[in-house]
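Residues per chain are reported as follows:
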Amino acid sequence: MEAPSLYVRDGDGFVGTVLTQGSWDPGAANGGAVLALLGQCLDEVPSLVPMSLARLTADLVRPVPIGRRLHVVPTIRREGKKIQVVELQLLDGDVEHVRVTALRLRDADLSSREDVPASTTDHSPADALTPIEDSVPIGGLMPSPPGFMRSIDMRRAERSDGQSAGTWIRLMVPIVAGEPVSDGGRMAYAFDFANLIGMGQHIGRMSLINPDVTAQVLRPPSGEWVAVTGDTRFNAALGRGVSSAALSDLDGVFAVASTSQLVQPLD
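The structure presented is a predicted model; accordingly, all values stated were derived computationally and were not measured.

1. Things to note about the overall build of the chain
The helix and strand tally for the chain stands at two helices and 14 strands. Here the C-alpha radius of gyration of the chain, 18 Å, is about what a compact globule of 267 residues would show, namely 18 Å. Seen along its three principal axes, the alpha-carbon backbone of the chain occupies a region of about 55 × 50 × 45 Å. Within the chain, contacts between residues separated by at least 24 positions form 65% of all contacts whose residues are at least 6 apart in sequence. Accessible surface, the chain: about 13,700 Å² in total, of which carbon and sulfur atoms supply 53%.

And the structure:
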């Protein structure tokens, strides 16, 4: 029977299930699953006043093992009523595998004021994508999908202008068994999908692994579906790449995210 969640609690730790399994190493977790856990844990960190995530930066310095007891250690680096900075470490024993720095800003409803500046654009990239119901499920195209692909509904969506495609994604299981998915967890898992956005199948025997993710957040997403659109650029002379993406829901863009790629030949 397949595990019903990405992680299960084990005392004060967490153990990844088969649904965290990534595509590069069957014994290591997908970055989206790891960020989902850290985003969920971030929402458990108290603040002095109502606050929400404004920026998240993650350094994925080591593969995260599946089936081992992991600890998430939060540290408040800056406490205040307007700004809070939280650091979260994901540890296997005493070894750090992922470090997240999160900036939270105070929430204040200013919608009744007439002097608040308007956005410079209300363009929604998701409007140019093939609708969710007409997009192609990616997991079904893989002969033996890794565990994480069985935890999400991921669909390739063509753009109406004929340019690079985007992706619709939806998390289908709880992040932690028996617990509702928090706003931070739902956002953080989506950030990792900026990696290699806009690409089809890459050519050649290469590994393209992102060691980091950075996201700026305007608001929490509405609904379960997230559209990821953007572009990836490579510099062969340095063996690296950069992806930049907009994350949208049916109400428009709620965050922007970027990742770096380490490009390595496999032969």
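Next comes the rest of the account.
2. A few points about the environment of Ile132
Assignment of secondary structure puts Ile132 in the loop between strand S6 (95–106) and strand S7 (136–137). Distance from Ile132 to Arg78, taken between C-alpha atoms, is 41 Å for residues 54 residues apart in sequence. When neighbours within four sequence positions are excluded, Ile132 is seen to be in contact with Arg155, Trp168 and Trp225.

3. Section: the environment of Gln216
As for its position among the elements, Gln216 is in strand S11 (residues 212–217). Between the C-alpha atoms of Gln216 and Arg55, which are 161 residues apart in sequence, the distance is 4.5 Å. With sequence-adjacent residues up to four places away left out, Gln216 is seen in contact with Ala54, Arg55, Ala255 and Val256.

4. Quick notes on helix H1 (residues 31–42)
The end-to-end C-alpha distance of H1 is 16 Å, a good match for the 16 Å that twelve residues give at a rise of 1.5 Å each. Turning to H1, its buried residues number three or more, namely Gly31, Gly32, Ala33, Val34, Leu35, Ala36, Leu37, Leu38, Gly39, Gln40, Cys41 and Leu42. For H1, the capping residue at the N-terminal end is Asn30, with a side-chain oxygen 2.6 Å from the backbone nitrogen of Gly32.

5. Regarding the side chain of Gln84
You can see Gln84 is positioned in strand S5 (residues 83–92). Within the local environment of Gln84, its side chain forms a polar contact with the backbone oxygen of Pro46, the two atoms lying 3.0 Å apart. In terms of polar contacts, Gln84 uses its side chain to reach the side chain of Glu79, at 3.0 Å. Leave out the neighbours within four places in its chain, and Gln84 touches Pro46, Ser47, Met51, Ile76, Arg78, Glu79, Ala102, Leu103 and Arg104.

6. Concerning the packing of H1 against helix H2 (residues 183–191)
At their nearest, the axes of H1 and H2 sit 7 Å apart, and the two run at 155° to each other. With respect to H2, the axis of H1 lies roughly antiparallel. When you trace H1 past H2, the crossing you get is right-handed. The residues of H2 that touch H1, namely those facing Gly32, Leu35, Ala36, Gly39 and Gln40, are Gly184, Gly185, Ala188 and Tyr189. Residue composition of the contact of H1 with H2, by class: four nonpolar, five polar and no charged.

Conventions we followed
- Residues numbered from 1 in each chain as written.
- Predicted model: local features only at pLDDT ≥ 70, side-chain atom pairs only at ≥ 80, totals over all residues.
- Heavy atoms only, no water.
- Helix = DSSP H or I, 4+ residues; strand = E, 2+ residues; numbered from the N terminus.
- Rg over C-alpha atoms; globule rule 2.2 N^0.38 Å.
- Contact = heavy atoms within 4.5 Å.
- Areas by Shrake-Rupley, 256 points an atom, 1.4 Å probe, with all protein chains shown as cover.
- Expected span 1.5 Å × (residues − 1).
- Buried < 20%, exposed > 50% of the residue type's maximum accessible area, 1.4 Å probe, protein only.
- Polar contact = N/O pair within 3.5 Å; in protein donor to acceptor, adjacent residues only side chain to side chain.
- Axes fitted to C-alpha atoms, helices over the stretch in contact; angles between N-to-C directions.
- Parallel < 35°, antiparallel > 145°, perpendicular 65-115°, else oblique.
- Left-handed = near helix turned anticlockwise from the far one by under 90°.
- Nonpolar A, V, L, I, M, F, W, Y, C, P; charged D, E, K, R; others polar.

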